[in-house]
2 protein chains.
Amino acid sequence: MPYRAPVSDFLFLFDRVVGLDRVAAEPRFAEATPETVEAILTEAGKLCEEVVAPTRRDGDLHPARLENGVVRTSPGFAEAFRAMAEGGWIAVSADPDYGGMGLPMALTTAVNDMLSGANLALQLNPLLTQGQIEALEHHASDALKQLYLPRLVSGEWTATMNLTEPQAGSDVGALRTRAEPDGQGTYRITGQKIYITWGDHDLTDNICHLVLARLPGAPEGTRGISLFMVPKFLPDADGTPGQRNGVRTVSLEHKLGIHGSPTAVLDYDGATGWLVGAENGGMKAMFTMMNNARLGVGAQGVGIAEAAYQAALAYALDRKQGAAPIPDGTGTIVDHADVRRMLASMKADIFAARAIALSCATALDMARATGQAEWQARAALLTPIAKAFGTEVGMAVADMGVQIHGGMGYVEETGAAQYLRDVRITAIYEGTNGIQAMDLVSRKMADGGEAAVALLDEVEAFAEQARAQVPDLAAPVWNAAETLREAVEWLVGQGDLSARFAGSAPFLRAFARVLGAHHHLQAAIADPGGARARLARFYITRLLPEHAGLLAHARSGAEDLYAITPDDLAA
Amino acid sequence: MPYRAPVSDFLFLFDRVVGLDRVAAEPRFAEATPETVEAILTEAGKLCEEVVAPTRRDGDLHPARLENGVVRTSPGFAEAFRAMAEGGWIAVSADPDYGGMGLPMALTTAVNDMLSGANLALQLNPLLTQGQIEALEHHASDALKQLYLPRLVSGEWTATMNLTEPQAGSDVGALRTRAEPDGQGTYRITGQKIYITWGDHDLTDNICHLVLARLPGAPEGTRGISLFMVPKFLPDADGTPGQRNGVRTVSLEHKLGIHGSPTAVLDYDGATGWLVGAENGGMKAMFTMMNNARLGVGAQGVGIAEAAYQAALAYALDRKQGAAPIPDGTGTIVDHADVRRMLASMKADIFAARAIALSCATALDMARATGQAEWQARAALLTPIAKAFGTEVGMAVADMGVQIHGGMGYVEETGAAQYLRDVRITAIYEGTNGIQAMDLVSRKMADGGEAAVALLDEVEAFAEQARAQVPDLAAPVWNAAETLREAVEWLVGQGDLSARFAGSAPFLRAFARVLGAHHHLQAAIADPGGARARLARFYITRLLPEHAGLLAHARSGAEDLYAITPDDLAA
């Protein structure tokens with residue numbers, strides 16, 4: 001089943017749902033005219049369809065491998081990567097001073113969504129580069145910027161992010177990698193890092209590792225972490241990669257999915273590194289990179305969902321089975337109520353998750369363009385929701401895709417199972433979905449719920465307005481937003497964070513359900529009597545009601561949960 | 001992580017939840033004394049822990065393979081299979097006249113649950129044999145019974161079930177395999193069958209294929225299907241396998257999971273077959289086998305869930321990460337609220353799904369022992385729920401198991417991912433979960449909802465009784481049962497089956513949620529102030545509320561769903 005880039009969906013979302021026109025009205029993004037946006041999406045979509053997607057299966061069948069210390073990538077990946085770089089798709093939002101297009105994050109998010117649907121394992125590579133570009137733009141010295149940014153933006157070099165160590169995963173503060181000043185303005189980095197995505201490969205002449213490490217005498221925990229640029233090859237005066245740096249690829253992981261993405265264990269043994277940002281200020285710079293990546297991972301979930309949905313729909317429209325359940329049907333299994341339910345759920349959830357991701361990106365763009373704290377807070381609030389819900393939808397849709405294929409879905413040849421295996425990592429990396437939920441109910445509500453309530457005000461105001469046109473859809477959306485508002489008020493009233501954390505995952509999902517309903521309602525108003533209105537009705541009638549049970553869970557507190565002791569669990 | 005057989009859970013469920021004493025009070029099952037039951041479970045559990053579970057990973061890493069027309073099974077499988085056979089664990093419920101133990105299905109279900117948790121790929125083999133034994137007991141001639149049953153019961157031979165053809169999956173009636181009488185009382189079978197589980201292997205001297213095929217001039221569809229016994233090797237007069245029959249293994253599938261289970265394409269080319277049951281009566285015999293297998297597959301889901309839960313709990317209790325979130329904690333990630341939430345959800349859902357499966361088995365036993373139509377109807381009602389919910393829980397728990405492992409869960413070496421890959425097939429085979437849901441709202445409610453309402457009467461009566469002891473748990477269970485009853489009444493009032501089918505999957509899940517709550521309430525009453533009561537509170541407070549949203553979905557009807565056209569879906 002060939003991948004088809006959902007360009008018209010993006011255009012509709014930009015135009016009628018997330019309001020890209022507001023972004024384009026800002027001088028900073030004046031180039032994001034409707035014509036440019038359509039041209040960009042069309043061109044990127046074509047690349048995804050024709051060049052990137054055809055490599056997906058080869059990446060799965062022929063994983064990247066480590067041979068005599070050299071990582072060999074999957075067949076076709078080098079050519080597809082080159083085409084992505086030449087098209088400028090690695091750094092759509094990067095600073096034009098360094099060769100970027102300077103376009104809104106909303107566009108980057110759409111392009112990432114398509115690239116992920118085409119080949120998640122390969123798209124991970126530019127996603128990490130995007131994060132590093134942003135970290136360097138914000139925190140690096142001019143010299144480092146001049147040297148690295150143009151080469152990262154062009155795809156001449158690629159980037160990695162080195163946080164995790166065997167004893168330090170979600171708890172980054174426990175890391176032990178050391179950085180010793182060498183008296184020449186640089187540092188010697190020593191330690192082992194694991195789970196380094198695209199940590200080594202043969203696609204480019206150099207690989208730029210951003211590494212978290214501790215300076216001598218640094219404080220314990222996250223306050224004692226500094227960030228270093230450690231290139232695989234040391235660039236000479238004019239930037240040509242020369243001598244090999246002291247970093248060695250120990251092994252690659254054998255993973256459930258994204259086989260085409262080499263996940264490396266890297267050993268740093270006195271490698272030369274350059275400080276990025278302030279001493280002991282590494283977490284701040286890393287968070288810039290991570291927040292960017294979190295939205296990017298949400299878009300990955302949506303992109304895989306899109307591809308898995310397309311494959312399942314094509315299969316359902318082709319597969320004849322059983323007596324026709326409805327008159328004037330297609331004669332295929334899409335006529336069966338339960339199959340159609342699954343397909344409609346998939347499409348409705350993809351729309352919801354994509355709208356949330358693009359809303360988050362738009363808020364980021366507005367924050368950058370205006371510097372307003374309200375937009376900053378909106379983007380910060382939406383980031384964990386976009387990440388966790390986008391990846392949950394990715395997993396659920398890929399799972400239903402397997403189910404629609406029946407026995408064929410369990411056989412690897414159809415490719416339905418690959419989506420499920422590939423997407424599974426997105427709920428884990430860049431902060432597990434549990435960490436996203438904790439972030440939402442703690443840091444993102446440290447404002448007393450102000451940002452959340454401001455968003456719900458908009459949701460309710462829109463529902464009020466929509467009541468005249470579609471009363472039976474507007475009312476449940478308004479009611480759900482109100483129930484969510486009460487839950488927000490309950491949450492921020494809990495002084496003990498445990499009480500928030502105990503229901504944070506269901507709370508995040510309920511929040512996403514309500515936002516999804518809001519965006520579906522926008523679509524219904526924009527397309528009265530049309531396909532989008534019919535899908536909105538499906539979502540609001542059948543999927544939205546889930547929020548009530550989730551919020552009951554979210555408001556249960558921690559006491560009964562912690563009453564279940566480790567001994568109880570092991571009994 | 002070594003597998004630990006949950007023997008005490010089974011004993012509690014038999015004793016305090018599903019009422020095995022009532023079964024044992026029937027003369028047919030007089031041997032199922034508490035002492036025998038405990039001895040059987042302990043012995044089977046020991047085999048699972050010590051002999052079967054250690055082969056699980058080898059089956060994954062070294063799949064069965066076809067070499068020069070011969071299927072070679074995974075390392076260690078032959079020895080483990082032999083131990084299962086010698087222990088008598090293949091046919092716990094089979095007729096003692098043929099060497100079976102004649103014990104209740106409740107015990108078979110518990111043993112199957114443990115064997116599945118130990119090694120699903122291998123356990124599939126005896127599960128199919130159990131189904132065939134039952135089909136032969138009910139439908140085969142005495143001569144076939146004498147020849148085949150003792151050898152199947154002892155594990156000397158194994159069995160397969162041949163329904164699916166490339167164009168005939170869920171729609172069995174579309175099959176084309178032909179059976180021609182050869183004038184000697186036997187038939188020549190010709191056609192291709194796919195997805196034949198354990199369709200070929202090297203574990204035993206013979207393999208007994210039950211094959212669905214059409215006689216010349218047979219009616220179209222399911223009414224023209226007959227069932228045939230087609231052994232791989234033709235037995236001579238005293239039952240010794242002799243000449244090779246005309247069945248050839250074309251290929252084995254490359255699957256997402258259960259790599260140790262060879263899934264074959266079999267080509268029948270004039271193979272000799274013996275009629276089982278009446279001409280054109282094949283579906284009836286096949287349904288005997290399938291209903292048995294459906295409950296068995298539900299137990300597989302529970303078994304995998306148990307194993308995945310144990311592995312995740314062990315990991316969580318070992319993994320140190322982050323600052324202690326609670327005073328006097330363990331210092332491991334089990335102290336984190338979201339991790340504990342996941343573990344409690346897993347354990348609570350395993351209990352619910354296991355209780356439903358064992359209730360179904362107990363109802364089957366009562367039906368067999370008493371011949372009463374009420375028990376028959378109860379078993380028929382619970383079968384699709386046990387199958388679909390058991391496998392959904394299997395998938396959800398295996399998925400949370402991966403999540404709790406974090407990055408380690410995505411790396412194949414930990415084994416967490418194998419559970420997820422293995423269990424995924426259980427929602428597809430033996431009738432997809434969508435088919436189970438359709439069965440529940442149509443055939444199983446063809447009685448006007450009588451069996452469902454009778455069960456809900458019991459649930460409400462128990463909640464009434466429990467009100468004095470645990471009012472805050474009993475009230476929500478009673479209310480949920482009442483909401484479900486209203487949904488049952490709404491469903492049976494829909495003359496158009498499409499209206500029922502459109503919400504059948506969420507309806508089935510809601511039904512399971514309510515039954516799960518009922519069984520948790522029973523546990524809370526049986527263990528006041530204990531661990532089971534604390535888990536019941538978690539389930540009833542946090543997981544049960546899901547039923548309301550599901551029932552809203554279930555009662556939405558078909559109109560809005562079918563309004564979403566194939567063109568809408570492809571737009």
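These numbers were taken from a predicted model, which means no experiment stands behind them.

Draft legend 1. Quick look at the environment of V276(A). All names here are of chain A. With respect to the element layout, V276 can be found in strand β11 (residues 263-276). Judged by its relative accessible area of 0%, V276 is buried. Dropping the residues within four chain positions of it, V276 is found in contact with L136, H139, A140, L144, L210, L227, F228 and M229.

Draft legend 2. Seen up close, the UniProt feature "domain: Acetyl-CoA dehydrogenase-like C-terminal" (unreviewed entry) in chain A. Taking the UniProt record as the reference, the feature "domain: Acetyl-CoA dehydrogenase-like C-terminal" (unreviewed entry) is found at residues 455-564 of chain A. Helix makes up 81% of residues 455-564 of chain A and strand makes up 0%, while its end C-alpha atoms are separated by 36 Å.

Draft legend 3. Structural detail: the relation of the copies chain B and chain A. Aligned on chain A, chain B shows an RMSD of 0.0 Å; the corresponding rotation is 180° and the shift along the axis is 0.0 Å. The superposition of one copy onto the other is thereby described by a two-fold rotation axis. Interface overlap between copies: 100% of the residues of chain B at the interface are likewise at the interface in chain A, consistent with a symmetric, same-surface contact.

Draft legend 4. Up close: the UniProt feature "domain: Acyl-CoA dehydrogenase/oxidase N-terminal" (unreviewed entry) in chain A. In the numbering adopted here, UniProt assigns the feature "domain: Acyl-CoA dehydrogenase/oxidase N-terminal" (unreviewed entry) to residues 35-156 of chain A. For the annotated span residues 35-156 of chain A, helix accounts for 66% and strand for 5% of the residues, and the straight-line distance between the end C-alpha atoms is 29 Å.

Draft legend 5. Spatial organisation of the pairing of strand β3 (residues 157-162) of chain B. Residue and element names in this part refer to chain B. Where burial is concerned, most of β3 is hidden: 6 out of the 6 residues are buried. Going residue by residue along β3, you find W157, A159 and M161 tucked away on one face and T158, T160 and N162 tucked away on the opposite face as well. Where β3 meets strand β6 (residues 206-213), 6 bridges bridge the pair, whose relative direction is parallel. Following the sheet pairing, T158 is matched in β6 by I207.

Draft legend 6. View of helix α20 (residues 546-554) of chain A. Among all positions of α20(A), only H547(A), G549(A), L550(A), L551(A), H553(A) and A554(A) are buried. On its buried side, α20(A) packs onto α16 (471-492) and α18 (504-526) of chain A together with α9 (337-370), α18 (531-543) and α19 (546-554) of chain B.

Draft legend 7. Molecular detail of the environment of M400(B). All names here are of chain B. Mapped onto the secondary structure, M400 falls in helix α10 (residues 373-405). Between the C-alpha atoms of M400 and M101, which are 299 residues apart in sequence, the distance is 37 Å. In contact with M400, not counting residues within four places along its chain, are M342, S345 and M346.

Draft legend 8. Quick look at the side chain of T73(A). Turning to its location among the elements, T73(A) is positioned in the loop between β2 (70-72) and α5 (77-86). Polar side-chain contacts of T73(A) include one of 2.5 Å to the side chain of D202(A).

Draft legend 9. Here's a closer look at the packing of α18(A) against α20(A). Residues and elements named next belong to chain A. Interaxial distance between α18 and α20 falls to 8 Å at its minimum, and their mutual angle equals 150°. Considering their axes alone, α18 and α20 lie roughly antiparallel with respect to each other. Handedness of the crossing formed by α18 with α20: left-handed. Residues P506, F507, R509, A510, R513 and V514 of α18 form the contact with α20, whose own contacting residues are E546, H547, L550, L551, H553 and A554.

Draft legend 10. Broad picture of the interface of chain B and chain A. Chain B puts 86 residues into the contact, and the matching count from chain A is 86 residues. Between chain B and chain A lies a buried interface of about 7400 Å² when both sides are counted; carbon and sulfur atoms form 60% of it. Of all residues in chain B, Y410(B), R542(B) and L569(B) give up the largest surface area on contact with chain A, accounting jointly for 13% of the area buried on that side. Summed over the shared surface of chain B and chain A, the result is 4 salt bridges. Here chain B and chain A share 37 residue pairs in polar contact (both at pLDDT 80 or more) between them. For the side of chain B that touches chain A, the leading source of residues is α18(B), giving 8 residues. When its residues are assigned to classes, the side of chain B that touches chain A shows 41 nonpolar, 23 polar and 22 charged.

Draft legend 11. Representation of the packing of helix α1 (residues 7-17) of chain A against helix α6 (residues 105-118) of chain A within the structure. Residues and elements named next belong to chain A. Their axes nearest at 11 Å, the elements α1 and α6 cross at an angle of 155°. Relative to α6, the element α1 is oriented roughly antiparallel. Crossing geometry of α1 relative to α6 is assigned as right-handed. Contacts between α1 and α6 involve V7, F10 and F14 on the former and, on the latter, A106, L107, A110, D113 and M114. Partitioning the contact of α1 with α6 into residue classes produces 7 nonpolar, no polar and 1 charged.

Draft legend 12. Structural view of the nonpolar core. If you look at the biggest cluster of nonpolar residues, it comprises 390 residues, and the most contacted ones within it are F507(A), F511(A), F507(B) and F511(B). Beyond its immediate sequence surroundings of up to four residues, F511(A) is in contact with L381(A), I385(A), L440(A), M445(A), A452(A), L455(A), L456(A) and L484(A).

Draft legend 13. Layout of helix α15 (residues 450-466) of chain A. End to end, α15(A) covers 24 Å across 17 residues, agreeing with the expected 24 Å (1.5 Å per residue, within 8%). Looking at the packing, one finds that the buried side of α15(A) touches α11 (373-405), α16 and α18 of chain A.

Draft legend 14. Quick peek at empty space enclosed by the protein. Inspection of every chain in the model, using the stated rule, returns 6 cavities of 30 Å³ or more. As a volume, the largest cavity reaches approximately 50 Å³. Taken together, L256(A), L420(A), R421(A), L256(B), L420(B), R421(B) and R424(B) form the lining of the largest cavity. Secondary structure elements with two or more residues in the lining of the largest cavity: α13 (416-423) of chain A together with α12 (416-423) of chain B. Its residues assigned to classes, the lining of the largest cavity shows 4 nonpolar, no polar and 3 charged.

Draft legend 15. Representation of the pattern of salt bridges in the model. All names here are of chain A. A complete count under the given rule lists 59 salt bridges over all chains for this structure. Across the salt bridge formed by D60 and R57, the nearest N and O atoms sit 3.4 Å from each other. Linking D60 with R57, this pair stays in helix α4 (residues 56-61), spanning 3 residues, or about one helical turn. What makes D60 buried here is its relative accessible area of 8%. For R57, a relative accessible area of 23% gives the class partly exposed. Several salt bridges converge on common partners, so that one network encompasses D9, D113, E306, R354 and R532.

Draft legend 16. Seen up close, unusual backbone geometry. Residue and element names in this part refer to chain B. Phi at N68 takes a positive value of approximately 50°, unusual for a residue other than glycine. Even without glycine at this site, D328 takes up a positive phi of about 55°. Note on placement: D328 falls in the loop between α8 (282-318) and α9. What makes D328 exposed here is its relative accessible area of 82%.

What counts as what
- Residues numbered from 1 in each chain as written.
- Chains lettered and ligands numbered in written order.
- Predicted model: local features only at pLDDT ≥ 70, side-chain atom pairs only at ≥ 80, totals over all residues.
- Heavy atoms only, no water.
- Helix = DSSP H or I, 4+ residues; strand = E, 2+ residues; numbered from the N terminus.
- Buried < 20%, exposed > 50% of the residue type's maximum accessible area, 1.4 Å probe, protein only.
- Contact = heavy atoms within 4.5 Å.
- UniProt positions renumbered as here; feature names shortened; annotations may be inferred.
- Least-squares fit on C-alpha atoms with pLDDT ≥ 70 in both.
- Pairing = 2+ DSSP bridges.
- Polar contact = N/O pair within 3.5 Å; in protein donor to acceptor, adjacent residues only side chain to side chain.
- Axes fitted to C-alpha atoms, helices over the stretch in contact; angles between N-to-C directions.
- Parallel < 35°, antiparallel > 145°, perpendicular 65-115°, else oblique.
- Left-handed = near helix turned anticlockwise from the far one by under 90°.
- Buried area = accessible area lost by both parts, 1.4 Å probe.
- Salt bridge = Lys/Arg side-chain N within 4 Å of Asp/Glu carboxyl O.
- Nonpolar A, V, L, I, M, F, W, Y, C, P; charged D, E, K, R; others polar.
- Core = buried A, V, L, I, M, F, W, Y, C linked by side-chain atoms within 4.5 Å.
- Expected span 1.5 Å × (residues − 1).
- 1 Å grid on protein atoms, 1.4 Å probe; cavity = no way out; pocket = protein on both sides within 12 Å on 5 of 7 lines; lining within 4 Å.
- Points joined across faces, edges and corners; volume = space filled by probe spheres on them.

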